[in-house]
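Listed below, chain by chain, are the residues.
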Amino acid sequence: MFSYSFQARFLSSEFNTLIIMPAVIAAIKAFNGLNRKNYKYLSASVDSINKCFDFTLTSEIPIDPINYLRSSQYFSKQLSLQSGMTGYVVDGRLLEQI
């Protein structure tokens, strides 16, 4: 297995963990629930002090950085669809990698 770690933060200055946590759980479930040819699993934890996410992407095959960034973009899309997250979208974007 291959593992990739990276961080992202909201473009918005808003940060309410009571809204974010259920949305993150639902977005992770949607991401990991996809039927894929090759195993891929994303975990994310919310760092409320630094107001960011810590991601770990696990895959059975090596992934180029551009492709694991696409995974975080898909997660971001799923997250933006969750209840309460529309206020976090800035210029059509939700997260930026740090």
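Worth saying up front: this structure is predicted, and the values here are computed from it rather than measured. As a convention, each chain's residues are numbered from 1 in the sequence order in which they are written. A pLDDT threshold of at least 70 governs which residues receive local features in this predicted model, and a stricter bar of 80 or more applies before side-chain atom pairs are shown or counted, although totals over entire chains, interfaces and linings include all residues. The basis for every side-chain value is the complete set of heavy atoms in the structure, and neither hydrogens nor water enter the calculation.

**Regarding the packing of aromatic side chains**
How we decide: Classification of ring pairs uses Phe, Tyr and Trp, with its six-membered ring standing for Trp, and accepts pairs whose centres are within 6.5 Å; under 30 degrees between planes counts as stacked, over 60 as edge-to-face, and the remaining range as tilted. A run of H or I in DSSP counts as a helix once it spans at least four residues, and a run of E counts as a strand once it spans at least two, with each numbered from the N terminus. Between buried and exposed lies partly exposed: a residue is buried under 20% and exposed over 50% of the maximum accessible area for its type, with that area taken using a 1.4 Å probe on protein chains only.
Overall, the coordinates contain eight aromatic pairs when judged by the stated rule. Judged by centre distance (5.2 Å) and plane angle (25°), the ring pair of phenylalanine 6 and phenylalanine 55 falls under stacked. One end of the pair, phenylalanine 6, is in strand S1 (residues 2-10); the other, phenylalanine 55, is in strand S3 (residues 52-59), and 49 residues separate them in sequence. In terms of burial, phenylalanine 6 and phenylalanine 55 fall into one category: buried.

**Observations concerning the sheet that holds S3**
The test is simple: Strands were regarded as paired on the criterion that DSSP finds at least two bridges between them. Lines fitted to the C-alpha atoms define the axes, with helices restricted to the stretch that makes contact. Angles between their N-to-C directions range from 0 to 180 degrees.
Ordered in space as S2-S3-S1-S4, the four strands form an open sheet in which the pairing is antiparallel. Of all strands in the sheet, those with a lone pairing partner are strand S2 (40-47) and strand S4 (95-97), marking the two edges. Geometrically, the sheet is characterised by an average inter-axis angle of 30° between neighbouring strands, direction not taken into account. Note that S1 and S3 share eight bridges and pair antiparallel.

**Quick word on helix H2 (residues 65-80)**
Heads up, the condition is: A helix is expected to span 1.5 Å multiplied by its residue count minus one. The arc in question is traced by the directions running from the helix axis to the C-beta atoms. Any two residues whose heavy atoms approach within 4.5 Å at even a single point are treated as in contact.
Helix length check: H2 (16 residues) gives 22 Å between terminal C-alpha atoms against 22 Å at 1.5 Å per residue, within 8%. Among the residues making up H2, those that are buried are Tyr68, Ser71, Ser72, Phe75, Ser76, Gln78 and Leu79. Looking down the long axis of H2, one finds its buried residues gathered within 165° of arc, a one-sided arrangement. In H2, the exposed positions that point more than 90 degrees away from the buried face belong to Gln73 and Lys77. Contacts from the buried residues of H2 go to S1, helix H1 (17-32), S2, S3 and S4.

Keep in mind these numbers describe shape, not what the thing actually does.
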